[in-house]
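# Summary of structural features
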Amino acid sequence: MSEPKLKSFVISKMAVWEAYRRVKANKGGAGVDEQSIAEFEVDLKDNLYRLWNRLSSGSYFPPPVRAVQIPKRDGSSRTLGVPTVSDGIAQTVVRGYLEPSVEPVFHEDSYGYRPGRSAHQALGVCRERCWRNDWVLDLDIRSFFDSVSWDLVLKAVAAPHRSALGSVVRRAVAQSAIATRGRQSGRARSRDPSGFGDFTAARQPDVALRV
């Protein structure tokens, strides 16, 4: 039996624009395609429109990430995956739509990579609790992303999203699994049909265009 056709997912063009602004502000490096932010901006309207269209229709396929080795204090190294500029924007868009639905299920004592939470807050909680208990349990999961079951990750993250957005998430998880196992490394019109003309022409766009 073939899978049912995915429903398109309504993604605001403003969401794509704001994701681009965040990626630019982070000043990240180029991915496997070696395209910098400046090079991406040469054809900004078309690049953003193309990305928005593929995300909305579920036809977006994440490219491989560029593997960068980050040295650790013990002499070993960890692999940092650097996405392409376009994929970094796509990830930011997807995160913006997924975060509200998955955030409530996180444990109260979870502080990593969560909105409005920080390591400083975690230290504050530890400082408070050390007055109530005279013991500390310290542990770490070695190479978690090298050994985690990606099937379980896929089920936990993508199951509630049976739309085009869900297909994007499933492909991203699959790509992450491939990259982890294989350590992949790696490259103006008179009429504007993209809908991003107003955004690129203004520093503070105030109109959100939808599908």
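Parameters and conventions
Residues numbered from 1 in each chain as written. Predicted model: local features only at pLDDT ≥ 70, side-chain atom pairs only at ≥ 80, totals over all residues. Heavy atoms only, no water. Phe/Tyr/Trp six-rings, centres within 6.5 Å; stacked < 30°, edge-to-face > 60°. Lys NZ or Arg CZ within 6 Å of the ring centre and 35° of its normal. Helix = DSSP H or I, 4+ residues; strand = E, 2+ residues; numbered from the N terminus. Buried < 20%, exposed > 50% of the residue type's maximum accessible area, 1.4 Å probe, protein only. Polar contact = N/O pair within 3.5 Å; in protein donor to acceptor, adjacent residues only side chain to side chain. Contact = heavy atoms within 4.5 Å. Pairing = 2+ DSSP bridges. Salt bridge = Lys/Arg side-chain N within 4 Å of Asp/Glu carboxyl O.

### Comments concerning the packing of aromatic side chains
Under the defined criterion, the tally for this structure stands at 2 aromatic pairs. One residue, Lys13, lies across the ring of Trp52, its end atom 4.3 Å from the ring centre. Just above the ring of Tyr111 sits the side chain of Arg117; from NZ or CZ to the centre is 4.9 Å.

### Section: the side chain of Ser56
If you trace the backbone, Ser56 turns up in helix 3 (residues 44–57). With a relative accessible area of 6%, Ser56 lands in the buried category. A distance of 2.9 Å separates a polar side-chain atom of Ser56 from the backbone oxygen of Trp52.

### Topic: the environment of Ala156
Relative to the helices and strands, Ala156 is located in helix 7 (residues 150–158). Note: C-alpha distance between Ala156 and Val102 (54 residues apart in sequence) is 9.3 Å.

### Some details on the environment of Glu99
The topology assignment puts Glu99 in helix 4 (residues 85–102). With a relative accessible area of 22%, Glu99 lands in the partly exposed category. In this structure the C-alpha to C-alpha distance between Glu99 and Pro115, which are 16 residues apart in sequence, comes to 8.8 Å. If sequence neighbours within four positions are ignored, Glu99 has contacts with Pro104 and Pro115.

### Describing the environment of Val16
Among the secondary structure elements, Val16 is positioned in helix 1 (residues 13–26). Along the primary structure Val16 and Ile89 are separated by 73 residues, whereas in three dimensions their C-alpha atoms are 7.0 Å apart.

### Regarding the pairing of strand 2 (residues 77–82)
Two elements, strand 1 (residues 66–71) and strand 2, share 6 bridges in a ladder whose sense is antiparallel. Bridge assignment links Ile70 to a residue of strand 2, and that residue is Arg78. Connecting the antiparallel pair strand 1 and strand 2 is a turn made up of 5 residues, with Gly75 showing a positive phi of about 95 degrees.

### Digging into the pattern of salt bridges
Summed over the entire model, instances satisfying the criterion amount to 6 salt bridges. With a shortest N-O distance of 3.0 Å, Glu41 and Lys24 are connected by a salt bridge. With Glu41 in the loop between helix 2 (37–40) and helix 3 and Lys24 in helix 1, the pair connects residues that are 17 residues apart, well separated along the chain. On the basis of relative accessibility, which here comes to 25%, the residue Glu41 falls in the partly exposed class. For Lys24, a relative accessible area of 42% gives the class partly exposed.

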